[in-house]
Amino acid sequence: MAEQEITAKEKQQVAGQEKTRAGRFFLPGVDIYEFDDSIKLWADMPGVKESDVEVRLKEGVLTITGTVSTETYEKLSPLYTEYNVGNYFRQFELNEDIDDQHIGAVMKNGVLELTLPKGERARSRRIEIQAG
Amino acid sequence: MALLRFSSDLDPVSNLLTLQSELERFLRNPAIRLGVSGPGDFPPVNIFDDGDGVVVMAEIPGMDVASLNVSGQSHTLTITGYRKRETVGDAAGYHRRERPFGEFSRSVQLPDELDLDKAAARYEAGMLTIRVPKAESAKPRQIAVNPA
């Protein structure tokens, strides 16, 4: 595939449920890839530190929350703005059977990387075909 | 130059966000000229005044510092780099692919009276922050008044 010209997308605000925490929430952009024995998810959450990310898996719903610190902006007055600053929130319903004891989560440079290992039932197996 | 101030303690994030709309009328701020790139180009930038100069912030998550370049010439600040996709070699397929990857170059023309030689850039949590202080000659001075 040819490399597309890189563009910035406007952040989408989370619609629906109201949060108790003040402040607006945006949907982080994600990539989700499927492997034979796992699902991997990457979420872009620039401005969120390692300590400010929360990942939950409950009843098949994966919830990602990232909180940005507003301290950075306290003494700044804007001259020009192109992107909104806010927290991140996104939920996914997982169709697959996930081994929730072994989920891996790494946050680095504003990118959350999740490794969701498939449970025994969901792993794809290659079935040997016997010659007839 | 203070155009707006964040004031309420109640909801700082919300205050920040309202800036976006309030600032649309300042898009043609004569102090900031964008040059060849503009809104929609990667990475998105926000530009602030911190009292001592200008702070340029760009959201560029998941970069190696080594593949991120910031350069300045005359009044133009340029951010270039290559954002590389994670290795997904043996993936069976993908369900979502929303994140931008590839080569980028973005430049911003800064107001006069800044000292680009003293600019400092920092990359943390996927945010690039470049501080460019005012030139000494542009700082306000106290002029002593002598008795006759």
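Higher on the page you've got the structure.
What you see is a predicted model; the values in this text were computed from it and never measured.

Student: For this particular structure, what's the right way to read the sheet that holds strand β8 (residues 127–133) of chain B?
Tutor: Note: strands within a sheet are paired through backbone hydrogen bonds, in either parallel or antiparallel orientation. An order of β6(A)-β1(B)-β2(B)-β8(B)-β7(B) is seen for the 5 strands of this open sheet, with the pairing classed as antiparallel. Only two strands of the sheet have a single neighbouring strand rather than two, namely β6 (77–81) of chain A together with β7 (120–124) of chain B. Taken pair by pair, the neighbouring strands of this sheet meet at an average axis angle of 20 degrees, ignoring direction. Note that strand β1 (residues 45–49) of chain B and strand β2 (residues 53–59) of chain B share 5 bridges and pair antiparallel. Each bridged residue has a counterpart across the sheet, and for Ile47(B) the counterpart in β2(B) is Val56(B).

Student: Please clarify how the pairing of β2(B) should be interpreted in this entry.
Tutor: A regular strand places its side chains on the two faces of the sheet in alternate fashion. Residues and elements named next belong to chain B. Burial of β2 is extensive: 7 of the 7 residues sit out of reach of the surface. In sequence, β1 turns back onto β2 through a hairpin of 3 residues, with Gly-51 there showing a positive phi of about 95 degrees. Sheet topology note: the β2/β8 ladder contains 7 bridges and is antiparallel. Paired with Val-55 across the two strands is Arg-131, which belongs to β8.

Quick notes on the rules
- Throughout this description, residue numbers start from 1 for each chain and increase along the sequence as written.
- For this description, chains carry letters from A and ligands carry numbers from 1, given in the order in which they are written.
- Given that this is a predicted model, residues contribute local features only at a pLDDT of at least 70 and side-chain atom pairs are listed and counted only at 80 or more, while totals for whole chains, interfaces and linings are drawn from all residues.
- Calculated side-chain values reflect all of the structure's heavy atoms, with hydrogen atoms and water omitted.
- Whether two strands pair comes down to DSSP finding at least two bridges between them.
- Only DSSP runs of H or I covering at least 4 residues are called helices, and only runs of E covering at least 2 are called strands; the numbering of each starts at the N terminus.
- Simply put, an axis is a line fit to the C-alpha atoms, just over the touching stretch for a helix, and the angle between two N-to-C directions goes from 0 to 180 degrees.
- When a residue's accessible area, from a 1.4 Å probe over protein chains only, is under 20% of the maximum for its type it is buried; when over 50% it is exposed; and in between it is partly exposed.

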